[in-house]
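# Architecture at a glance
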Amino acid sequence: MLETVLPRRRFLGAAGAASGTLFPAMLHAQPAGLPNLTIKEVKVYVTASGRLASITTEGGVEGICTLQTRVFHANWDNSGWMDYAKRTLAGKNALAHLQFTSQYSPVRRHYGQVPQAAAIDICLWDLLGKAVGLPVYQILGAYQDRVLAYASSQHLPTKVVDPYVEAALKAKAEGFKAFKINPPPVEADGDSHHRLDMEICKALRKALGDEFILMHHAVGNYTRPEAMEVGRLLDDLHFRGYEDPLPSTDVDGHAQLCRELHVPVIVGEFVFSLYDYPEYIRRGAADTLRFVVDNVGGITPGLKIGVLAECHGMECMPHGVGNVLHQAAHLHCELAMPNGAFVEVPYPQGARDAQPYVKDVIRIASDGYVHAPTKPGLGYEIDRAALDKAITRIER
């Protein structure tokens, strides 16, 4: 029988001391049967359709993801990604990827992750999936092999409802069972045009019928009175979601909407750190959480946000509007989440297929779902010959 108990602080101190010996040995150990996962090279492929981040191991396995150039973050800049990644990753084991992207340090908890973290995280998940021959979601822990899709409209430059009605009817005819309104762009005069948005919502409900799933994305453009007025209409129209009705900084305003409306309030597209999400839950300021992998640091923190939502009985609806590889990173999160409600598909389908060197595309099946990829890694294969032709230079 153990008669003395090691005090918690002494135990943690001992564990910290051990981390200088035991843990590095574990992290650098090479599991039998896998290729050598020591990181050999970091580079960037530059093409006319964007930049691709690449991480390659000594065993010849390469992880690739889109190197985003525009994300809504006040302090976001990926121009120095390659230099940061080379400095951080050279000679390290790809299995230790949490060391390179974790936000759990005082500076990162305060400001959010470094901007380079997301591309590193996604590349390494793609790499590890290829190393073991499995799609990423199966490594994460597959919960489902398909996710119900919603057609996500463009921000159509219109002052009438007709273009939205036409797009939604076409989406329904193609097999979509849900549609999200991304409203007309806000003009330079600053008018939120919330009344036009309301007319669009009413027109779509009338055209599509009572059973069709509808959501509305306000992009944080409304004032509190406008958000409440639109939200009450969405209640009457039985909408499935009301996304970003207010700027994400207005936590009190979101809490009021959650208290007074029935339509689920979705928050997170403009939240930039994993550690900012608990405040919305504590204050009842969100019914559903959302994230953009590039904003929060990649697939790993995205899954943590999904678990956070799950533990509070909430759904999680990751972002999905981007090119194929960007969509794929979010899809793998959704496939690994029991509370992942929908996958976002840019509409018209193929509207964001901007990378001609990607062989595979994301489309809905006849059942209205996006089915899981079967190829390893992110699961949407790069045509190497086409990529080689598209490359204008390689940054090393």
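Starting from 1, residues in each chain are numbered consecutively following that chain's sequence as written. Where totals are concerned, whole chains, interfaces and linings use all residues; where local detail is concerned, this predicted model gives features only for residues with pLDDT of at least 70, and gives and counts side-chain atom pairs only at 80 or more. Just so you know, side-chain values use all the structure's heavy atoms and leave hydrogens and water out.

### Some points on the nonpolar core
Definition of nonpolar core: a set of buried residues of the types Ala, Val, Leu, Ile, Met, Phe, Trp, Tyr and Cys, connected through side-chain atoms within 4.5 Å. The cut-offs for exposure are 20% and 50% of the maximum accessible area for each residue type, with area from a 1.4 Å probe on protein chains only; residues under the lower value are buried, those over the upper are exposed, and the others partly exposed. Among the nonpolar cores identified, the biggest contains 111 residues, and Ile55, Trp81, Phe179, Leu204, Tyr242, Phe291 and Ile299 are the most heavily contacted of them. The secondary structure listing takes helices from DSSP runs of H or I that are at least 4 residues long and strands from runs of E that are at least 2 residues long, numbered from the N terminus. Looking at this core, the element that brings in the most residues is helix α6 (residues 117-132), giving nine residues. If near-sequence neighbours (up to four positions away) are discounted, isoleucine 299 is found in contact with Asp121, Ile122, Trp125, Val136, Leu140, Val293, Ala329, Cys333 and Leu378. Counting residues in each nonpolar core, the second largest holds eight residues, with Tyr150, Ala178, Met215 and Met317 among its members. The contact rule is simple, with two residues in contact once any of their heavy atoms fall within 4.5 Å.

### Side note on the packing of helix α8 (residues 162-174) against helix α9 (residues 194-208)
For helices, the axis comes from a line fit to the C-alpha atoms of the stretch in contact; other axes are also lines fit to C-alpha atoms, and the angle between any two N-to-C directions lies between 0 and 180 degrees. Taken N-terminus to C-terminus, the directions of α8 and α9 make an angle of 35°; their axes are 9 Å apart at the nearest point. The crossing of α8 and α9 is right-handed. For the pair α8 and α9, contact is made by Tyr164, Val165, Ala168, Leu169 and Lys172 and by Ile200, Ala203, Leu204, Ala207 and Leu208, respectively. Asp, Glu, Lys and Arg are counted as charged, while Ala, Val, Leu, Ile, Met, Phe, Trp, Tyr, Cys and Pro are counted as nonpolar; the rest, among them Gly, fall into the polar class. Here the residues of the contact of α8 with α9 sort into nine nonpolar, no polar and one charged. By definition, any crossing whose near helix is turned counterclockwise from its far helix by less than a right angle is left-handed, and any crossing with a clockwise turn is right-handed.

### Side note on the sheet that holds strand β13 (residues 391-395)
Across the sheet, four strands lie side by side as β3-β2-β1-β13; this open sheet has antiparallel pairing. Looking at which strands have only one partner, the edges of the open sheet turn out to be β3 (62-66) and β13. The sheet shows a mean angle of 25° between the axes of neighbouring strands, taken without regard to direction. Here, a strand pair is defined by DSSP locating no fewer than two bridges between the strands. The pairing of strand β1 (residues 39-47) with β13 spans four bridges and is antiparallel. Bridging across to β13, threonine 47 finds its partner in isoleucine 391.

### Considering the confidence of the model for the chain
Averaged over every residue, the pLDDT of the chain is 90; residues scoring 70 or more account for 89%. Counted against residues more than four places away or in other chains, residues 1-27, with its pLDDT under 50, gives seven contacts. Per-residue confidence from the predictor is reported as pLDDT, which spans 0 to 100.

### What about the pairing of strand β6 (residues 213-217)?
The buried count for β6 comes to four of five residues, which makes it a mostly enclosed element. By the bridge criterion, four bridges tie strand β5 (residues 178-181) to β6 in an arrangement that is parallel. What sits directly across from isoleucine 181, in β6, is histidine 216. Bridge count for β6 against strand β7 (residues 241-243) is three bridges, and the pairing is parallel. Considered in β7, the bridge of methionine 215 is made with glycine 241.

### Observations regarding the pattern of salt bridges
One speaks of a salt bridge when a side-chain nitrogen belonging to Lys or Arg is within 4 Å of a carboxyl oxygen belonging to Asp or Glu. Applying the stated criterion across every chain, the model contains 26 salt bridges. Note that aspartate 126 is salt-bridged to lysine 130, the shortest N-O span being 2.9 Å. With aspartate 126 and lysine 130 both in helix α6 and four residues apart, the pair spans about one turn of that helix. Notably, a salt bridge pairs glutamate 229 with arginine 195, separated by 3.1 Å at the nearest N-O pair. Highlighted residues: glutamate 229 in helix α10 (residues 224-236) and arginine 195 in helix α9, separated in sequence by 34 residues. Here glutamate 229 falls in the partly exposed class, since its relative accessible area comes to 29%.

### Quick notes on unusual backbone geometry
Of note, the bond from tyrosine 347 into proline 348 is cis; its omega dihedral lies within 30 degrees of zero at 5°. Following the sequence through the fold, proline 348 ends up in the loop between β11 (343-346) and β12 (369-371). Although it is not a glycine, histidine 238 adopts a positive phi angle of roughly 60°. Along the polypeptide, histidine 238 turns up in the loop between α10 and β7.

### Topic: empty space enclosed by the protein
Only protein atoms enter the 1 Å grid used here, on which a cavity is any set of points holding a 1.4 Å probe that cannot leave and a pocket is any open set flanked by protein within 12 Å on both sides along at least five of seven lines; residues with an atom within 4 Å of a point are listed as lining. Grid points are joined across faces, edges and corners, and a volume is the space filled by probe spheres set on the points. Counted under the stated rule, the structure contains four cavities of 30 Å³ or more. Of the pockets and cavities examined, the largest cavity occupies roughly 60 Å³. In terms of lining residues, the largest cavity is bounded by Leu98, Thr101, Ser102, Gln103, Leu274, Tyr275, Thr300, Pro301 and Lys304. Of all the secondary-structure elements, those providing two or more residues to the lining of the largest cavity are α4 (97-101) and α14 (299-311). The leading source of residues in the lining of the largest cavity is α14, at three residues. Grouping the amino acids of the lining of the largest cavity by side-chain chemistry returns four nonpolar, four polar and one charged. Approximately 50 Å³ is the volume found for the second largest cavity. In terms of lining residues, the second largest cavity is bounded by Cys65, Thr66, Ile122, Asp294, Leu325, His326 and Ala329. Those elements that place two or more of their residues in the lining of the second largest cavity are β3 and α15 (324-335). By residue number, the principal contributor to the lining of the second largest cavity is α15, which donates three residues.

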